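Working through the structure, step by step
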Amino acid sequence: MASPRGEFSSRFGFVMAAAGSAVGLGNIWGFPTQAASNGGAAFLLVYLVLAFTLAYPALMAELIIGRHAHANAVNALRLISPNTALRNLGAATGIAGFIVASLILSFYAIVAGWMLAFCLSSLASLLDMAVLVSWLTSFGIGRNVLFMLIFMAFTIGIISAGVRDGIERWSARLMPALLLTLFLLVVYVLTLDGAMDGLRVYLLPDFERALSPKLIIAALGAAFFSLSLGVGTMLIYGSYINDDENLPVVGGLVTLVDILIAVLAGFLVLPAMYVALHNGVEIFSATGELISEDTLIFTVLPELFATMGFTGIVVSFTFFFLMSTAALTSSISMLEVPVAYVIEEHGLKRKTAVFTIGGIIAIASIVILLNFEALFGLVIAFTTRYSQPLLGFMFCLYAGWVWHRDALLQELRKGNPGVEHSLFWKIWPWYVKLVCPVIIVGIFVQSLWG
Ligand code: TRP
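Okay, so let's go over this structure. Since the structure is predicted, the reported quantities are computational estimates derived from the model, not experimental observations. (Residues numbered from 1 in each chain as written. Predicted model: local features only at pLDDT ≥ 70, side-chain atom pairs only at ≥ 80, totals over all residues. Heavy atoms only, no water.)

1. Comments concerning the overall build of the chain
Counting its regular elements, the chain contains 19 helices and zero strands. Taking 2.2 N^0.38 as the reference for a compact globule, 450 residues should give roughly 22 Å; the C-alpha atoms of the chain span a radius of gyration of 21 Å, in line with that estimate. Counting the 450 residues in the chain, one finds 56% classified as buried. By sequence separation, contacts in the chain at least 24 residues apart represent 82% of the contacts at least 6 residues apart. Element-wise, carbon and sulfur atoms account for 70% of the exposed surface of the chain, whose accessible area totals about 17800 Å². Averaging the coordinates of the 21 positive side-chain charges in the chain and doing the same for the 25 negative ones gives two points 10 Å apart. (Helix = DSSP H or I, 4+ residues; strand = E, 2+ residues; numbered from the N terminus. Rg over C-alpha atoms; globule rule 2.2 N^0.38 Å. Buried < 20%, exposed > 50% of the residue type's maximum accessible area, 1.4 Å probe, protein only. Contact = heavy atoms within 4.5 Å. Areas by Shrake-Rupley, 256 points an atom, 1.4 Å probe, with all protein chains shown as cover. Lys, Arg positive; Asp, Glu negative; His and termini not counted. Charge placed at Lys NZ, Arg CZ, Asp CG, Glu CD.)

Spelled out as structure tokens, the structure:
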């Protein structure tokens, strides 16, 4: 059935779109170094277990509610509520989700803009344009604003084309390209001197470190961000799945792809860092930890590429192309959250909605850039550390406690008539009811102190 509000045309299209949302900067710049500094293969194991036992159930909560309501988070949470108080709370949760999604996009677009600038700088160095290279790779307000706007323009362009012609089409193109690029980079980097030392650090298990409670909680937070949970992104993508689809299976595929790419990124980033070390680049911070996040991406790796001559330029271009792609398939999923709400709630045309909201978010990004020291870190902490877990908690409560269990089962039966007898139905309802909320509160309390 072709619905007027848009629908993914195939399982492949949905999995690429949802995995595209999940696979982003978090996977490539966060996961590998975190794993290396925290017990290597043991961390990987902990992360795998957590992703499947906790993040996956939370993902399923969003997908199922979304598919049932075929609506944005505000209307969906309202729809499954039995009384006015819960309906209002649900709507408030949905609205908070769309504000947080917009704020996440406002800082994500800035970082993604840097990726584009670095990608372009490799082309510029190919043409020996030293002044341009230095402008593109230095922190400056002109470059920051320009490339944020270029990145937002791509995001807006894709989202204005709609679910099938925008989100699905571009995710189905970009995700295979991303996988291929990542794979080629891994194979190449593994041939370089020093790479094996990186592999050893990545894969040597240290269970003592990986099993510390603080770390487990950190890994869980990372898993939530990585699967784009808590702001209604997955709920809205779920609302575009057709009723014949087997939700536990597609949700599992998305989780698998997300983890697979994070793990694969480790085979690129850690060997690359030790190749850099071999070439004389500093890869440890003053406290002896491996350098991570933005310093890793914008300082350590470029220094490595610079030691590699012409090949370095090609590898650098490929790498920053990979990062830009990963960011784009994620940013579209953030913009879709507020856009879907405004279209469905206020009857705006998609193009009008996309340009208005995209414009507002771009202005928010400029405000952040103009007050970078004060706002950048603050917005990241407010959205990812506090809001996401709290809202994720609300989604689990609605799926586990508010929504009637029979209605939930009915929804799952649509694409999977035998679901009642499956392992999924035996375990998942308890997870989403008890385990997920308790653990999320645990993360939250910990992050208040941490
Ligand atoms: N999961 C993406 C990443 O790993 C980021 C992302 C996309 C996201 N959509 C989201 C994070 C919604 C939080 C909420 O980079």
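Now, onward.
2. Some words on the packing of aromatic side chains
Applying the stated criterion to the full structure yields 28 aromatic pairs. Where Tyr274 meets Phe284, the ring centres are 6.4 Å apart and the plane angle is 80°; that geometry is what we call edge-to-face. Here Tyr274 is found in helix α13 (residues 247-278), whereas its partner Phe284 is found in the loop between α13 and α14 (293-306), with 10 residues between them in sequence. Centre to centre, the rings of Phe305 and Phe319 are 6.1 Å apart; their planes meet at 55°, and the pair counts as tilted. Note that Phe305 is positioned in helix α14 and Phe319 in helix α15 (residues 309-346), a separation of 14 residues in sequence. By the burial criterion, Phe305 is buried, and Phe319 matches it. Through a chain of ring-to-ring contacts, three or more aromatic side chains come together here, namely Trp29, Phe107, Trp114, Phe118, Phe139, Phe298, Phe305, Phe319, Phe320, Phe372 and Phe376. The ring of Trp170 carries Arg173 above its face, with NZ or CZ at 4.6 Å from the centroid. (Phe/Tyr/Trp six-rings, centres within 6.5 Å; stacked < 30°, edge-to-face > 60°. Lys NZ or Arg CZ within 6 Å of the ring centre and 35° of its normal.)

3. Focus on the side chain of Ser160
Of note, Ser160 is situated in helix α7 (residues 141-160). A polar atom in the side chain of Ser160 sits 3.0 Å from the backbone oxygen of Gly157. Leave out the neighbours within four places in its chain, and Ser160 touches Arg350, Lys351, Val354 and Phe355. (Polar contact = N/O pair within 3.5 Å; in protein donor to acceptor, adjacent residues only side chain to side chain.)

4. A look at the nonpolar core
Nonpolar side chains tend toward joint burial in soluble globular proteins. Of all hydrophobic cores here, the largest spans 170 residues; its most connected members are Phe14, Ile297 and Phe319. Ranked by the residues each element gives to this core, the list is headed by helix α5 (residues 84-126), at 19 residues. (Core = buried A, V, L, I, M, F, W, Y, C linked by side-chain atoms within 4.5 Å.)

5. Description of α15
Over its 38 residues, α15 runs 55 Å from end to end, which matches the ideal 56 Å to within 8%, given 1.5 Å per residue. For α15, the principal kink sits at Glu336 and spans about 30°; a proline, Pro338, occurs within the next four residues. Following α15 by one or two positions, Gly347 adopts a phi angle in the positive range, close to 65°. (Expected span 1.5 Å × (residues − 1). Bend = angle between axes of the 7 residues up to and from the residue.)

6. Describing the environment of Leu178
Of note, Leu178 is situated in helix α8 (residues 162-190). By relative accessible area, Leu178 is classed as buried at 1%. When the C-alpha positions of Leu178 and Ile380 are compared, they lie 25 Å apart, and in sequence the two are 202 residues distant.

7. What to know about the site of the ligand
As a matter of local geometry, the ligand sits amid 17 residues, with Ala22, Tyr108, Phe225, Ser226 and Gln388 nearest to it. Measuring from an oxygen atom of the ligand, one finds a backbone N or O atom of Leu25 at 3.2 Å. Ser226 is positioned with one of its backbone polar atoms (N or O) 3.0 Å from a nitrogen atom of the ligand. Contact with the protein chains removes 100% of the 360 Å² of surface that the ligand exposes when unbound. Of all the elements in the fold, those that place two or more residues in the shell around the ligand are α1 (11-22), α2 (25-37), α5, α11 (213-226) and α15. The residue inventory of the shell around the ligand, partitioned by class, reads seven nonpolar, 10 polar and no charged. (Near = heavy atom within 4 Å. Nonpolar A, V, L, I, M, F, W, Y, C, P; charged D, E, K, R; others polar.)

8. Concerning unusual backbone geometry
Even without glycine at this site, His70 takes up a positive phi of about 45°. Its identity as a non-glycine residue notwithstanding, Asp128 has a phi of 60°, on the positive side. Note on placement: Asp128 falls in the loop between α5 and α6 (130-137).

9. Quick notes on the pattern of salt bridges
Following the criterion strictly, the structure yields 10 salt bridges and no others. Where Arg67 meets Asp243, a salt bridge forms, and the shortest distance between an N and an O atom there is 3.7 Å. Placement of the pair is Arg67 in helix α3 (residues 41-69) and Asp243 in the loop between α12 (233-239) and α13, with a sequence separation of 176 residues. Residues Glu420 and Arg413 are paired through a salt bridge, measuring 2.6 Å at the closest nitrogen-oxygen approach. Judged by its relative accessible area of 25%, Arg413 is partly exposed. Through salt bridges with shared partners, a single ionic network connects Arg67, Asp243, Glu411 and Lys414. (Salt bridge = Lys/Arg side-chain N within 4 Å of Asp/Glu carboxyl O.)

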